[in-house]
Amino acid sequence: MNKFLIVIILISTIFSQSFKDLTERPTYNPIKIEKPIIFDGAVDNQEWSKAQIATNFNGSGTFQGQPSDLRTEARLFYDEKNIYVGFIAYVDKEDLRYSITKRDNLDEKDDRVWINIDAFDDEALTYGIGVSAGGVQIDGRATYGFDKSLDLIYESKVSVYNDRYEAELIIPFSSLRYSLSPIQTWRIDFGRGFTLSDELTRYVYWTSRIDGIECQTCQLAFLKDIKPPRQQRGDFEFIPSVVAGQSNDFISNTSNSSDEASLFMKFPVSSIDLLEIALNPDFSQIESDDIQNDVNTVNALYFQEKRPFFSQGAELFQFSPQRGYINLFYSRTINDPSIAAKYTGKIGQTSYGIISARDESSPLLLPFEENSTVVTLGKSTSNIIRAKRMIGGNGGSVGAILTNRIFDNAGDMTTAGLDFHLHPGSNIHITLHGTASIHNESDNFEYIYDQSTNDYPSTFDDGKYTKTFDGEKITGNALGFAINYRDRTDDYGVVLRLRSPGFRTSNGFEKNNSTKWLKAGRGKTVYYENHPKLLKTNYNIETVYKTNYTGVIKKQELSLSTSSDFKNGDFFKLSGEVEKENFRGIQFDNLYEFEFGYRNQINSSLKVYNELQSRKIIVRNLDNPRSSGFYQVKSYVEYRISDKSNFGVGVSYQKAEDFYDGVLLNARINNSFNSKLTLRTKIQYSDFSNSWFVEPMITYQPNAFSALYFGVNDLLRTEDGVISNLTESKRQIFIKFQYLI
C-alpha cells in the first residue's frame, strides 16, 4: 500500500499545476413586456429586435475557450406569466443534424439550443430547458453532467431555413421554483450543441465555461432585476392514470388480469414550496431494467431510478458514494405504496424535503462484510426528512437527513446523517458525511440465515450479533470523507469510507459493511492543438486499500488507464490493474485485469464499439472460492436509418475458465412517427438464464405529464442454444394512460 501511495505522490508532483477562473461574467438585462409574443417559431421579427442579443458563444470541454464555429444568437423577454426565449442558430440546411424522437431522447449529435437557469444563485438547482432543431424538447438538471429525470411543462416551436433554424421557448413561471423577493437576480446561460463534418460534437455557451471550476453557478451570467410574479397558493394539478394488464404464465398454465386507477396530485403552495400526493400510485416503471449477469455476484444489484414521482426535488436527496457520501436514500426501496406524499421547499438558502409512503411490499437490503441480500418484509411505513443549506457562496453545503422505516410486526430501522461539502477555492472539493443506524429486529424470524446453503459465518461483529432476525437491537455507524482537486488538465484526490459491522440503512443502498475503504487517484489530461490525429489524451492512476474492522487486509489494488479522443470522432481506451484480495479467509494474490476498447465513428450514421477484457478473477459463488481466468468480448453497433429511425445492437461474451460462459445480447429498435408518437422495441437475451425477453411499446406523449403507453413483454425460454427448443414462458400485455388536468 505504501508503495502505491508513493507512486501516486511522485506522479502528482510531476503533473501538478495551479488554475483559477478569473473570467468576468456578462449581464443580461431582461425587458418585461405587456402582452405575449407571437408564438410561431420565428425570432427575426420586429418584437424580438427590442431584446438584448447574447452572441459570440465560446466552446467548452475539449474546445474550451475557442470561438464557436457556428454563430448563435439568444434573446429573452418575460411578462407576468412566462419567460420567452428566442434562438437563431446559423447552419447550412444540408449540414443540419437532427432526429425526430420522443422528448429527452435526442441523438448526441443533434443540433439543439437551451437555457440554463439558477433562480436562487446558489447551485442548489440549475434548470436546463431546450429544444432540438427537430422540435424535440429536452429538460432536466444542469450541474456536473445533465440529469434528464426532471420534467417541466413548457412550449417550443422551431422553424428551419436554408441558412439557420430559429426556436422559441415559452417557459411558465409556474414550472420554476424561485424566491418570493419582488426584485431578483438570477443566474442564466444560453447554450448550443452541434456536430460538424468531422463528427465531433461541440457544446458552446454565451459565458466562458472553465472545466473543473468547483462553483458551476459562478460561471453563469447575471439576469439582473427580474420581477417574477409572486405566486400564491395555486390550484391542484391532477394527473389521473389507469393501468390495465393481462398476464399469462405458460409454465404453470395460469393467467390473471388487473386494472387499477391511481391519482397523482401537485399543489404549489408558493413559487418555492410544492406538495405532491400519490394515491394508489402505479410505481411500476415503464422502461424495463437491462439484463445483468449475476452468476458470480454475491451482492445486491443496483438499478437506476426511472419513476417520475421521485424526479421533482431529487437533487436534495442524492448522495454520491464516488464523492465520499454514504448512500442513505435509494428511492427504489419504496416499492409498491398505497399512498405516497412529498413536500419540498426552501427558506432562504435552506432547502428541505419530506417523503412519506405506506408500502405494501418492502424490500430491505441487508449488508454484510463480503456479501449482501435483499429480504422482503411485507408492509411498512417509510419517512424521510432532509434539510440542506448552501454555504460559502461557491456551491458548498451542510445538510442533515433522517430516515425511518417501520415494518408491520417486523421491527423498525432508523438512519440519521450529517453531511458537509465545501469549496474553499483553488478548485478544491471537500466532503464529510457522518451517519448512524439502529435496527430493532422483531423476534418473528422473518429472515433466517441458512448456514447449510451459505459458507459465511452466521454471526458478525466478532459474534456480537446473529444474521437471523431474532429480536436483537443492531447499531452501527459510517463515515465518508473526500478531498480532491480538479481543473481542466489535472485532478487528484482521496476518498475514505468507513462502515461498521452493524451499519445498515433503512432506505439507502450500502451493500457492504465492516469495511474501511481508502481510494487515492491522480489524473492528467493533455490537449493537442496541432496534432494531426489526436484531440486529447487522459491518463489516470488509482489505488484502493481495504481492511475489515478486525484489521485483516481485504483488498489492495493498483490501476493504470489511458484514453484518447481522435479528430475523426474515434475513441480509444486501455487499462490495466493488479490486485490482491482476501475473500472468505482465502488469500488471492496475482489477480489482474486488462481492458482494451475502441469506438469507430465510421460515418455520420454508423458507429461501432468493441472491447476486450482479460482478467484473473475470484469465482465467489463456490463452496470453496477459487481463482480463474476470465475473458470478455463486447461489441456494440449503432446505426441511424433516418431522421426518425435507428437501432443499436450489443453483444457480450463472458467466460470464466471451467466455471461458466455465456452470451448477453441487448438490442433496441426505435421509430418515431413524430416527436409525440414513438415505437420502441427492446430485445434481450441471456445465456445465463437461457431466456429471451422481447418488449415492443408504443408511446404517445403530448407533454411531460400526459402519456399513453401500450406494450407487450414476452419471456421465452430455450434449452441447449440460443434458439433451440424455444418456448414461450410468460407474456404480459399492458396499457397505461395518464393525463395532466
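What you are looking at is a predicted structure, and each value in this text was computed from that prediction instead of being measured.

Caption draft 1: How the structure looks around the overall build of the protein. Within the protein one finds one helix and 42 strands. Its C-alpha radius of gyration of 27 Å places the protein within 12% of the 27 Å reference for a compact globule of 741 residues. Principal-axis analysis of the C-alpha atoms places the extent of the protein at approximately 80 × 60 × 55 Å. Put simply, the protein has 741 residues, and 51% of those count as buried. A separation threshold of at least 6 residues defines the contact pool for the protein, and within that pool the share at least 24 residues apart is 60%. Of the accessible surface of the protein, which amounts to about 32900 Å², a share of 53% is contributed by carbon and sulfur atoms. Of the side-chain charges in the protein, 81 are positive and 94 negative, and the distance between the mean point of each set is 3 Å.

Caption draft 2: Looking closely at the pattern of salt bridges. Summed over the entire model, instances satisfying the criterion amount to 39 salt bridges. Here Glu581 ties to Arg620 by a salt bridge, and the two come within 3.0 Å at their closest N and O atoms. Of this pair, Glu581 sits in strand E33 (residues 571-583) while Arg620 is found in the loop between strand E35 (606-619) and strand E36 (626-640), placing the two residues 39 residues apart along the sequence. Pair check on accessibility: Glu581 and Arg620 agree, each one buried. The salt bridge involving Arg680 is made with Glu695; its shortest N-O contact spans 3.2 Å.

Caption draft 3: Examining the nonpolar core more closely. Within the largest apolar cluster, 51 residues are counted, with the highest numbers of intra-cluster contacts made by Trp186 and Phe190. Among the secondary structure elements, those contributing two or more residues to this core are strand E4 (72-78), strand E5 (82-90), strand E6 (112-118), strand E7 (127-132), strand E11 (164-172), strand E12 (184-195) and strand E14 (221-226). Broken down by element, this core gets its largest block of residues, six residues, from E5. With residues near it in sequence (within four places) discarded, Phe190 still touches Tyr28, Ala54, Phe57, Ala74, Leu76, Val85, Phe87, Trp114, Ile115, Val204, Tyr205 and Trp206. Among the nonpolar cores identified, the runner-up in size contains 23 residues, and Phe264, Ile355, Ala357 and Phe503 belong to it.

Caption draft 4: Quick look at the packing of aromatic side chains. Under the criterion given, the structure shown has 27 aromatic pairs. Between Tyr28 and Trp206, the ring centres sit 6.1 Å apart and the planes meet at 80 degrees, which makes this aromatic pair edge-to-face. A residue pair is termed long-range when its members are at least 10 positions apart, and Tyr28 in strand E1 (residues 27-28) and Trp206 in the loop between strand E13 (201-205) and E14 qualify at 178 residues. Pair check on accessibility: Tyr28 and Trp206 agree, each one buried. With centroids separated by 6.2 Å and ring planes inclined at 70 degrees, the aromatic side chains of Phe173 and Trp186 adopt a geometry described as edge-to-face. Residue Phe173 is found in the loop between E11 and E12, and its partner Trp186 is found in strand E12; the two are separated by 13 residues along the sequence. When sorted by exposure, Phe173 lands in the same class as Trp186, which is buried. By way of ring pairs, the aromatic residues Tyr28, Phe87, Phe190 and Trp206 are connected into one cluster. Sitting over the face of the ring of Tyr161, Arg164 holds its NZ or CZ atom 4.2 Å from the ring centroid. Lys467 extends its terminal NZ or CZ atom over the ring of Phe368, reaching a point 4.6 Å from the ring centre.

Caption draft 5: Expanded view of the confidence of the model for the protein. Looking at the protein, pLDDT values average 88 and 91% of them are 70 or higher. Below pLDDT 50 for its whole length, residues 1-22 participates in 40 contacts with residues either more than four positions away or in separate chains. Here residues 288-302 scores under 50 on pLDDT; set against residues more than four positions off or in separate chains, the count is 54 contacts.

Caption draft 6: Region of interest: the sheet that holds E4. Spatial strand order, E2-E4-E5-E11-E10: five strands in an open sheet with mixed pairing. Two strands bound the open sheet, and with one partner strand each, they are strand E2 (31-32) and strand E10 (155-160). Of the strand pairs in this sheet, E2 and E4 are connected by two bridges, and their pairing is parallel. Residue pairing across strands places Lys32 opposite Tyr78, the latter belonging to E4.

Caption draft 7: Examining unusual backbone geometry more closely. Here the phi dihedral of Glu199 falls at roughly 65 degrees; this positive angle occurs in a residue that is not glycine. Structurally, Glu199 is set in the loop between E12 and E13. If you check the backbone angles, Asn253 has positive phi at about 55 degrees while not being a glycine. On the secondary structure map, Asn253 appears in the loop between strand E15 (237-249) and strand E16 (254-268). A relative accessible area of 70% means that Asn253 is categorised as exposed.

Caption draft 8: The pairing of E6, seen in detail. In terms of residue burial, E6 counts as a mostly covered element, since seven of its seven residues are buried. Because side chains alternate across E6, one face comprises the buried residues Arg112, Trp114, Asn116 and Asp118, and the other comprises Val113, Ile115 and Ile117, equally buried. Sheet topology note: the E6/E7 ladder contains six bridges and is antiparallel. Paired with Trp114 across the bridge in E7 is Gly130.

Caption draft 9: Local environment of the side chain of Lys554. Relative to the assigned elements, Lys554 resides in strand E32 (residues 553-566). Dropping the residues within four chain positions of it, Lys554 is found in contact with Glu369, Glu370, Lys546, Thr547, Asn548, Lys580, Glu581, Asn582 and Arg584.

Caption draft 10: Examining the pairing of E16 more closely. Relative to E16, E15 is paired through 13 bridges, and the arrangement is antiparallel. Looking across to E16, one finds that Glu237 is bridged to Lys266. Taken together, E15 and the strand that follows it, E16, pair antiparallel across an intervening segment of four residues, in which Asn253 is found at a positive phi of about 55 degrees. Where E16 folds back on strand E17 (residues 274-279), the antiparallel hairpin that results is connected by five residues.

Caption draft 11: Region of interest: the environment of Tyr127. Within the secondary structure, Tyr127 is located in strand E7. Given the relative accessible area of 1%, Tyr127 is considered buried. For the pair Tyr127 and Asp408, spaced 281 residues apart in sequence, the C-alpha separation works out to 40 Å. With residues near it in sequence (within four places) discarded, Tyr127 still touches Ile115, Asn116, Ile117, Gly140, Ala142, Leu150, Leu152, Ser175, Leu176 and Arg177. Here the side chain of Tyr127 touches Arg177 through a polar contact of 3.0 Å, landing on its backbone nitrogen.

Caption draft 12: Seen up close, the environment of Asn327. Within the fold, Asn327 resides in the loop between E17 and strand E18 (337-347). Taking the C-alpha atoms as reference points, Asn327 and Thr505, 178 residues apart in sequence, are found 8.3 Å from one another. Within polar-contact distance, the side chain of Asn327 engages the backbone nitrogen of Phe329 at 3.5 Å.

Caption draft 13: Spatial organisation of a nonpolar patch on the surface. A surface patch of nonpolar side chains, amounting to about 810 Å² of accessible area, comprises Ile698, Tyr700, Leu708, Phe710, Ile733, Ile735, Phe737, Tyr739 and Ile741. Elements with a minimum of two residues in the nonpolar patch: strand E40 (691-703), strand E41 (706-717) and strand E42 (727-738). In terms of residue count, E42 provides more of the nonpolar patch than any other element does, three residues in total. Note on placement: Tyr700 falls in strand E40.

Caption draft 14: Expanded view of the environment of Pro36. Examined against the element boundaries, Pro36 turns out to sit in the loop between E2 and strand E3 (58-59). Excluding residues that lie within four positions of it along the chain, Pro36 makes contacts with Asp79 and Tyr84.

Scoring rules and cut-offs
- Residues numbered from 1 in each chain as written.
- Predicted model: local features only at pLDDT ≥ 70, side-chain atom pairs only at ≥ 80, totals over all residues.
- Heavy atoms only, no water.
- Helix = DSSP H or I, 4+ residues; strand = E, 2+ residues; numbered from the N terminus.
- Rg over C-alpha atoms; globule rule 2.2 N^0.38 Å.
- Buried < 20%, exposed > 50% of the residue type's maximum accessible area, 1.4 Å probe, protein only.
- Contact = heavy atoms within 4.5 Å.
- Areas by Shrake-Rupley, 256 points an atom, 1.4 Å probe, with all protein chains shown as cover.
- Lys, Arg positive; Asp, Glu negative; His and termini not counted.
- Charge placed at Lys NZ, Arg CZ, Asp CG, Glu CD.
- Salt bridge = Lys/Arg side-chain N within 4 Å of Asp/Glu carboxyl O.
- Core = buried A, V, L, I, M, F, W, Y, C linked by side-chain atoms within 4.5 Å.
- Phe/Tyr/Trp six-rings, centres within 6.5 Å; stacked < 30°, edge-to-face > 60°.
- Lys NZ or Arg CZ within 6 Å of the ring centre and 35° of its normal.
- pLDDT = per-residue confidence, 0-100.
- Pairing = 2+ DSSP bridges.
- Polar contact = N/O pair within 3.5 Å; in protein donor to acceptor, adjacent residues only side chain to side chain.
- Patch = residues over 30% accessible without salt bridge, like charges linked within 9 Å, V, L, I, M, F, W, Y side chains within 5 Å.

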